[in-house]
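# Observations on chain architecture
Here is how the chains run, residue by residue.
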Amino acid sequence: MSTAASARNGTWRNWGGNVAARPAREVTPASVDELTAAVRKAAEDGLRVKAVGTGHSFTSIAATDGVLIRPQLLTGIRTIDRDTMTVTVEAGTPLKRLNMALAREGLSLTNMGDIMEQTVSGATSTGTHGTGRESGSIAAQIRGLELVTADGSVLSCSEKENPEVFAAARIGLGALGIVTAITFAVEPIFLLTAREEPMSFDRVTSDFDELWTENEHFEFYWFPHTGSTNTKRNNRSAGPEKPVPQLQGWFEDEFLSNGVFQMAQWVGRAAPGTIPSIARISSKALSARTYTDIPYKVFTSPRRVRFVEMEYAVPREAVVATLRELKTMVERSGLRVSFPVEVRTAPADDITLSTASGRDSAYIAVHMVKGTPYQAYFTAAERIFTAHEGRPHWGKVHTRDAEYFDGVYPRFGEFTALRDRLDPDRRFQNDYLRRVLGA
């Protein structure tokens with residue numbers, strides 16, 4: 001099954017199937033010059049412009065009725081600099097291709113999200129992250145970027161060159177321009193030992209600070225309607241390399257986590273009353289395992305079951321209280337939730353509109369399978385998240401607006417002022433940006 005967004009009869013749809021748009025035209029530039037020409041032509045024609053990656057956002061952040069830029073020809077590594085330990089990559093490069101290419105060179109990113117289907121520009125522009133005690137989001141690993149602005153200019157940005165743009169454009173929401181290349185910090189490839197094991201919800205929440213402190217990367221899934229979680233602890237290892245055996249990996253990651261899980265979702269959607277029983281069975285389906293492999297093979301896993309997602313970042317010290325409130329809400333509401341809740345963390349960073357900007361953060365993600373009504377669940381969860389000054393992931397379902405963001409992001413005005421300077425005519429505007437950033 002394809003993991004990318006689709007286009008049929010001129011209609012663009014995202015991966016989750018909850019967003020659609022009909023652009024006036026699509027452009028697939030083969031060079032930065034062709035991209036700048038497309039931006040200038042759009043201005044002449046009075047059209048808005050948006051770039052889209054693989055469509056893994058659940059918001060309409062990339063939707064447009066103007067010119068849709070597809071970057072699939074802007075791919076590949078431009079340069080590897082082993083003196084500065086950086087790699088510069090074209091913006092349309094899928095994270096999977098980047099990870100594999102870096103591994104062949106004996107290099108790696110420090111941290112990753114849990115999938116790698118997105119383009120590097122799409123992932124960073126929306127704040128995609130994994131989990132880490134000290135290592136942050138993918139955007140936090142950026143050391144430079146190239147940006148085409150509304151007038152067709154090409155800006156190079158780093159801490160030394162256009163630093164005020166660099167501070168914001170690492171997670172730019174597509175509002176400041178179109179990213180054409182990104183320079184990432186890399187390091188010599190290393191090994192991670194992953195330890196996965198079931199754990200009770202009560203133990204995870206009571207021991208959360210200890211689990212976070214003792215592990216470089218800690219995350220867990222809680223199965224609603226149960227008191228069970230599945231935890232994952234990733235830590236650097238001296239080896240030896242000991243990956244999951246191929247047959248075992250297929251059985252656990254493909255057959256159970258995707259195939260059987262998909263069938264369980266179908267049953268739950270057809271008969272919601274069965275969901276609590278399915279959840280109890282699902283929470284016991286995966287047994288403990290330990291394996292050691294290179295980073296991207298540990299951080300990421302295949303996701304075949306399509307879903308819709310909401311995720312909020314709360315202050316890390318508030319995560320346990322937030323989770324307990326979420327669990328109580330589900331138990332008292334009569335809702336039937338068939339998808340696990342994912343919990344991860346990130347350290348504070350200095351990116352203007354990063355969900356971890358200026359504060360250590362914990363992420364709580366709620367999901368519903370594609371085609372299942374999700375509004376009641378997400379609305380109830382969002383009330384809990386916002387009560388803890390939560391910041392929604394820019395690429396995942398939420399109902400917040402510019403007034404709310406001005407209250408939870410101390411540097412929100414700094415970002416909108418920069419947008420006024422770089423895109424005064426709102427060439428990169430769409431309905432989503434109008435809501436979250438203001439007119």
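Preceding this section is the structure that the text describes.
Residues numbered from 1 in each chain as written. Predicted model: local features only at pLDDT ≥ 70, side-chain atom pairs only at ≥ 80, totals over all residues. Heavy atoms only, no water.

Tallying secondary structure elements over the chain gives 14 helices and 21 strands in all. Relative to the compact-globule value of 22 Å for 439 residues, the chain shows a C-alpha radius of gyration of 21 Å, a close match. Of all 439 residues assigned to the chain, the portion counted as buried reaches 59%. Restricting to contacts in the chain with at least 6 residues of sequence separation, those with at least 24 account for 73%. With the model as given, the accessible surface of the chain reaches about 17,800 Å², and the carbon-plus-sulfur share is 51%. Taking the 51 positively charged and 52 negatively charged side chains of the chain as two groups, their mean positions are separated by 6 Å. (Helix = DSSP H or I, 4+ residues; strand = E, 2+ residues; numbered from the N terminus. Rg over C-alpha atoms; globule rule 2.2 N^0.38 Å. Buried < 20%, exposed > 50% of the residue type's maximum accessible area, 1.4 Å probe, protein only. Contact = heavy atoms within 4.5 Å. Areas by Shrake-Rupley, 256 points an atom, 1.4 Å probe, with all protein chains shown as cover. Lys, Arg positive; Asp, Glu negative; His and termini not counted. Charge placed at Lys NZ, Arg CZ, Asp CG, Glu CD.)

A few words now on the pairing of strand S19 (residues 341-346). For S19, a buried count of six out of six residues is recorded, marking the element as mostly surrounded by other parts of the structure. The side-chain alternation of S19 yields two buried faces, one formed by Val-341, Val-343 and Thr-345 and the other by Glu-342, Arg-344 and Ala-346. In this sheet, S19 lies alongside strand S15 (residues 217-222) in antiparallel orientation, the contact comprising three bridges. If you follow Tyr-221 over to S19, its bridge partner there is Glu-342. Here S19 pairs with strand S20 (residues 361-369) via five bridges, running antiparallel. (Pairing = 2+ DSSP bridges.)

Moving on: helix H13 (residues 412-422). Residues of H13 that are buried include every one of Phe-412, Phe-415, Thr-416, Leu-418, Arg-419 and Leu-422, and no others. Each buried residue of H13 sits inside an arc of 155 degrees when the element is viewed along its axis, so together they form one side. Here the buried face of H13 lies against strand S11 (154-157), helix H4 (163-169), helix H12 (402-408) and helix H14 (431-437). (Arc of directions from axis to C-beta.)

To continue, consider the pattern of salt bridges. On inspection of all chains with the given rule, the structure shows 28 salt bridges. With its nearest N and O atoms 2.9 Å apart, the salt bridge here joins Arg-421 to Glu-164. Of the two residues, Arg-421 is situated in helix H13 and Glu-164 in helix H4; the sequence distance between them amounts to 257 residues. The exposure class assigned to Glu-164 is partly exposed, which follows from its relative accessible area of 38%. For the salt bridge of Glu-197 with Arg-233, the shortest nitrogen-to-oxygen distance reads 2.0 Å. Residue Glu-197 is found in strand S14 (residues 191-200), and its partner Arg-233 is found in strand S16 (residues 228-237); the two are separated by 36 residues along the sequence. Across the pair, exposure class does not vary: Glu-197 and Arg-233 are buried alike. Within this structure, Asp-114, Arg-303, Glu-309, Glu-311, Glu-342, Arg-344 and Lys-396 form a network of salt bridges that share partners. (Salt bridge = Lys/Arg side-chain N within 4 Å of Asp/Glu carboxyl O.)

Time to look at the packing of aromatic side chains. In total, this model carries 14 aromatic pairs according to the counting rule given. Between Tyr-374 and Phe-378, the aromatic rings sit 4.9 Å apart at their centres with planes inclined by 45 degrees, giving tilted as the arrangement. Each member of the pair, Tyr-374 as well as Phe-378, is classed as buried. When the ring centre of Trp-212 is taken as reference, the NZ or CZ atom of Arg-316 above it lies at 3.6 Å. (Phe/Tyr/Trp six-rings, centres within 6.5 Å; stacked < 30°, edge-to-face > 60°. Lys NZ or Arg CZ within 6 Å of the ring centre and 35° of its normal.)

All right, on to the sheet that holds strand S8 (residues 86-90) then. Strand pairs in the sheet, formed through backbone hydrogen bonds, run parallel or antiparallel to each other. Taking strand neighbours across the sheet as the criterion, the five strands line up as S7-S8-S12-S10-S11 in an open arrangement whose pairing is antiparallel. In this open sheet, the two edge strands, each paired with only one partner strand, are strand S7 (77-81) and S11. Across the sheet, the mean angle separating the axes of adjacent strands is 10 degrees when strand polarity is ignored. Across four bridges, S7 lies against S8 in antiparallel orientation. When the bridges of S8 are listed, Asp-81 appears paired with Thr-86. Across the sheet, helix H1 (residues 32-45) lies against S7, strand S10 (142-148), S11 and strand S12 (178-185), angled at about 50 degrees from S10, the strand it touches most. (Axes fitted to C-alpha atoms, helices over the stretch in contact; angles between N-to-C directions.)

Our next topic: the packing of helix H10 (residues 319-333) against helix H11 (residues 375-387). Running from N to C, H10 and H11 point in directions that differ by 150 degrees, and their axes come no closer than 10 Å. In this view, H10 runs roughly antiparallel relative to H11, as classed from their interaxial angle. Seen along the crossing, H10 lies across H11 with a hand that is right-handed. In contact with Thr-322, Glu-325, Leu-326, Met-329 and Val-330 of H10, H11 contributes Tyr-377, Ala-380, Ala-381, Ile-384 and Phe-385. Here the contact of H10 with H11 is built from residues that sort into eight nonpolar, one polar and one charged. (Parallel < 35°, antiparallel > 145°, perpendicular 65-115°, else oblique. Left-handed = near helix turned anticlockwise from the far one by under 90°. Nonpolar A, V, L, I, M, F, W, Y, C, P; charged D, E, K, R; others polar.)

Here we come to unusual backbone geometry. The step from Gly-239 to Pro-240 runs through a cis peptide bond, and the omega angle for that step is 5 degrees. Positionally, Pro-240 belongs in the loop between S16 and helix H7 (246-270). Positive phi values are uncommon outside glycine, yet Glu-389 reaches one of about 60 degrees. Note on placement: Glu-389 falls in the loop between H11 and strand S21 (391-392).

Attention now goes to the sheet that holds S20. Strand order in the open sheet formed by eight strands is S17-S14-S16-S15-S19-S20-S18-S21, and the pairing between neighbours is antiparallel. Each having just a single partner strand, strand S17 (289-293) and S21 make up the two edges of the open sheet. Taken strand by strand, H10 contacts S15, strand S18 (307-315), S19 and S20, and its axis lies near 25 degrees from that of S20.

Another point: the side chain of His-217. Its place among the elements puts His-217 in strand S15. Residue classification places His-217 among the buried positions, given a relative accessible area of 3%. Here the side chain of His-217 touches Thr-131 through a polar contact of 2.7 Å, landing on its backbone oxygen. Not counting residues within four places of it along the chain, the set of residues in contact with His-217 comprises Asn-111, Thr-131, Gly-132, Ser-135, Leu-192, Lys-232, Arg-233, Asn-234 and Phe-299. (Polar contact = N/O pair within 3.5 Å; in protein donor to acceptor, adjacent residues only side chain to side chain.)

Just distances and angles here, no functional claims.
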